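# Topology and contacts: notes
Given next are the chains, with one letter for each unit.
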Amino acid sequence: MYVICSDLEGVFVPEVWINVANKTGIEELRLTTRDISDYDVLMKGRIKILRERGLTLKDIQDVIDTIQPLPGALDFIAWAKERTQLIVVSDTFIQFADPMMKKLGRPTIFCHTLVIDENNMIVDYKLRQKDPKRKTAEALQGMNYQVIGMGDSYNDINMLKQSEIGILFRPPDNVIKDYPQFPVVHDYDALKRILVKYIQK
């Protein structure tokens, strides 16, 4: 039996931090895992910027509340869930994820958590586990599932490598160049055409 493990941002919803950058005008917050492969470097840089600018968790959550699913995402999720199990495996945080999950029909999500101080400032983050996307795929394989991994960024690559089927969805050119072994799709219809080979109802 196949199970789909999918990234969240860039696949089903727009990138949270790019929306925060648009709202605040802080250009440095446009950097994502599409640009920086070391997640710890990326997150520590973001937290430093938020502290320097006095931006709280609520400020970020207010931006997230305005984010809508990408066109076609809801239909794709419904289509996939009719045929197999779908798990969102994301490097977002539970404090960010809830409004987005509600808009997506609440698929299962595995993600991380933020450390918040008494002033509602983000001071640190805690990973669910090290290399969490790959280990999620590995754990499911240990239960005799075959995994279809989907993502768009450097932080998805270990999951795609671990999966029986790895697919890049709307990745930037630099990720395509660095990982040419994975098929690339740019819309949900093309994604379905690959998936029906494995999960046709």
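Before reading further, recall that the structure is shown in the block above.
As the structure is a prediction and not an experimental result, all values here were calculated from the model. (Residues numbered from 1 in each chain as written. Predicted model: local features only at pLDDT ≥ 70, side-chain atom pairs only at ≥ 80, totals over all residues. Heavy atoms only, no water.)

### Here we look at the overall build of the protein
Note the cut-off: Where helices and strands are cited, they refer to DSSP runs of H or I of at least four residues and of E of at least two residues respectively, numbered from the N terminus. All radius of gyration figures rest on C-alpha atoms, and the globule criterion is 2.2 Å times the number of residues raised to 0.38. When accessible area is computed with a 1.4 Å probe and restricted to protein chains, residues below 20% of their type maximum are described as buried, those above 50% as exposed, and intermediate ones as partly exposed. Should any heavy atoms of two residues lie within 4.5 Å, those residues are counted as being in contact. For every accessible area listed, the method is Shrake-Rupley and the probe measures 1.4 Å; residues are considered covered only by the protein chains on display. This count recognises Lys and Arg as positive and Asp and Glu as negative, with His and chain-terminal groups excluded. Every charge is mapped onto a representative atom, which is NZ of Lys, CZ of Arg, CG of Asp or CD of Glu.
A count of helices and strands for the protein gives nine helices and seven strands. Relative to the globule expectation of 17 Å for 201 residues, the C-alpha radius of gyration of the protein, 17 Å, shows essentially globular dimensions. Taking the principal axes of its C-alpha atoms as reference, the protein extends roughly 50 × 30 × 30 Å. Every one of the 201 residues in the protein was classed for burial, and the buried ones make up 51%. If you take every contact in the protein between residues at least 6 apart in sequence, the share linking residues at least 24 apart comes to 58%. Carbon and sulfur atoms make up 49% of the accessible area of the protein, which amounts to about 9,600 Å² in all. With 27 positive and 28 negative side-chain charges, the protein shows a spacing of 3 Å between the two charge centroids.

### Quick notes on helix H6 (residues 132-142)
Counting along an α-helix, one turn takes 3.6 residues, and residues three or four places apart therefore face a common direction. Those residues of H6 not exposed but buried are Pro 132, Lys 133, Thr 136, Ala 137, Leu 140 and Gln 141. Tucked into the core, H6 has its buried residues touching strand S1 (2-6), strand S2 (85-93), strand S3 (108-116), strand S5 (146-151) and helix H7 (157-162). Positive backbone phi, at 70°, marks Asn 144, one or two positions downstream of H6.

### Description of helix H5 (residues 94-103)
All of the buried residues along H5 are Gln 95, Phe 96, Ala 97, Met 100 and Met 101. Those residues of H5 that are buried lie in contact with helix H1 (16-24), helix H3 (57-64), S2, S3 and strand S4 (122-126). Just past H5, the residue Gly 105 takes up positive phi, approximately 85°.

### A closer look at the packing of H1 against H3
Put simply, the rule reads: Lines fitted to C-alpha atoms define the axes here, with helix axes fitted over just the stretch in contact, and angles between the N-to-C directions of these axes take values from 0 to 180 degrees. An angle counts as roughly parallel when it lies under 35 degrees, as roughly antiparallel when it exceeds 145, as roughly perpendicular when it falls between 65 and 115, and as oblique in every other case. In this classification, the charged set is Asp, Glu, Lys and Arg, the nonpolar set is Ala, Val, Leu, Ile, Met, Phe, Trp, Tyr, Cys and Pro, and all remaining amino acids, among them Gly, are polar.
Across the interface, H1 lies against H3 with an axial gap of 9 Å and an inter-helix angle of 105°. Classified by the interaxial angle, the pair formed by H1 and H3 is roughly perpendicular. When H1 is examined against H3, the residues Val 16, Trp 17, Asn 19, Val 20 and Lys 23 are found in contact with a partner set consisting of Ile 60, Val 63 and Ile 64. Classifying every residue of the contact of H1 with H3 gives six nonpolar, one polar and one charged.

### Some thoughts on the sheet that holds strand S6 (residues 165-169)
Let me state the cut-off plainly: If DSSP finds at least two bridges between two strands, the strands pair.
Taken together, seven strands build an open sheet; the order of strands is S4-S3-S2-S1-S5-S6-S7 and the sheet is mixed. Only two strands of the sheet have a single partner each, and these edge strands are S4 and strand S7 (184-185).

### A few points about the side chain of Asp 7
So the rule is basically this: In the analysis that follows, any N or O atom pair within 3.5 Å is treated as a polar contact, provided that within protein one partner can donate a hydrogen and the other can accept it, and provided that, for residues neighboring in sequence, both atoms belong to side chains.
On the secondary structure map, Asp 7 appears in the loop between S1 and H1. Among the polar contacts made by the side chain of Asp 7, one reaches the side chain of Lys 133 at a distance of 3.1 Å. Each residue touching Asp 7, except ones within four places of it in the same chain, is listed here: Phe 12, Val 88, Val 89, Ser 90, Lys 133, Met 150, Gly 151, Asp 152, Asp 156 and Met 159.

### Here we look at the nonpolar core
To be explicit about the condition: Nonpolar cores were defined as sets of buried Ala, Val, Leu, Ile, Met, Phe, Trp, Tyr and Cys residues, with membership established by side-chain atoms within 4.5 Å.
Judged by nonpolar contacts, the single largest core of 54 residues is most densely connected at Phe 12, Phe 96, Met 150 and Leu 195. Broken down by element, this core gets its largest block of residues, six residues, from helix H9 (residues 188-199). In this structure Leu 195 touches Ile 4, Phe 76, Trp 79, Ile 148, Met 150, Ile 167 and Gln 200, once residues within four positions along its chain are discounted. Membership of the second largest hydrophobic core comes to 15 residues, among which are Leu 140, Tyr 154, Leu 160 and Tyr 179.

### Regarding the pattern of salt bridges
Just so we agree on the cut-off: Whenever a carboxyl oxygen of Asp or Glu lies within 4 Å of a side-chain nitrogen of Lys or Arg, that contact is scored as a salt bridge.
Evaluated as defined, the whole model comprises 10 salt bridges. The partner of Lys 44 in a salt bridge is Asp 40, and the shortest N-O contact between them spans 3.2 Å. Taken together, the positions of Lys 44 and Asp 40, both in helix H2 (residues 39-53) and four residues apart, correspond to about one turn of that helix. A salt bridge links Arg 134 to Asp 131; the shortest N-O distance between them is 2.6 Å.

### Remarks on the pairing of S4
Judged from the four bridges that link them, S3 and S4 form a sheet pairing that is antiparallel. Counterpart to Val 115 in the pairing with S4 is Asp 124. In sequence, S3 turns back onto S4 through a hairpin of five residues, with Asn 120 there showing a positive phi of about 65°.

### With respect to the pairing of S6
Defined as follows: Classification remark: right-handed applies to a crossover when, strands pointing away from the viewer, the course from the first strand over the helix to the second runs clockwise.
Most of S6 sits out of view: five of its five residues are buried. Alternating positions in S6 separate into two faces, Ile 165, Ile 167 and Phe 169 on one and Gly 166 and Leu 168 on the other, with burial throughout. As judged from the four bridges shared by S5 and S6, these two strands associate in the parallel manner. What sits directly across from Ile 148, in S6, is Ile 165. Taking the sense of rotation as the criterion, the β-α-β connection linking S5, H7 and S6 turns out right-handed. Chirality of the crossover, the property in question, places the unit of S6, helix H8 (residues 173-178) and S7 among those that are right-handed.

The analysis is restricted to geometry; functional conclusions fall outside its scope.
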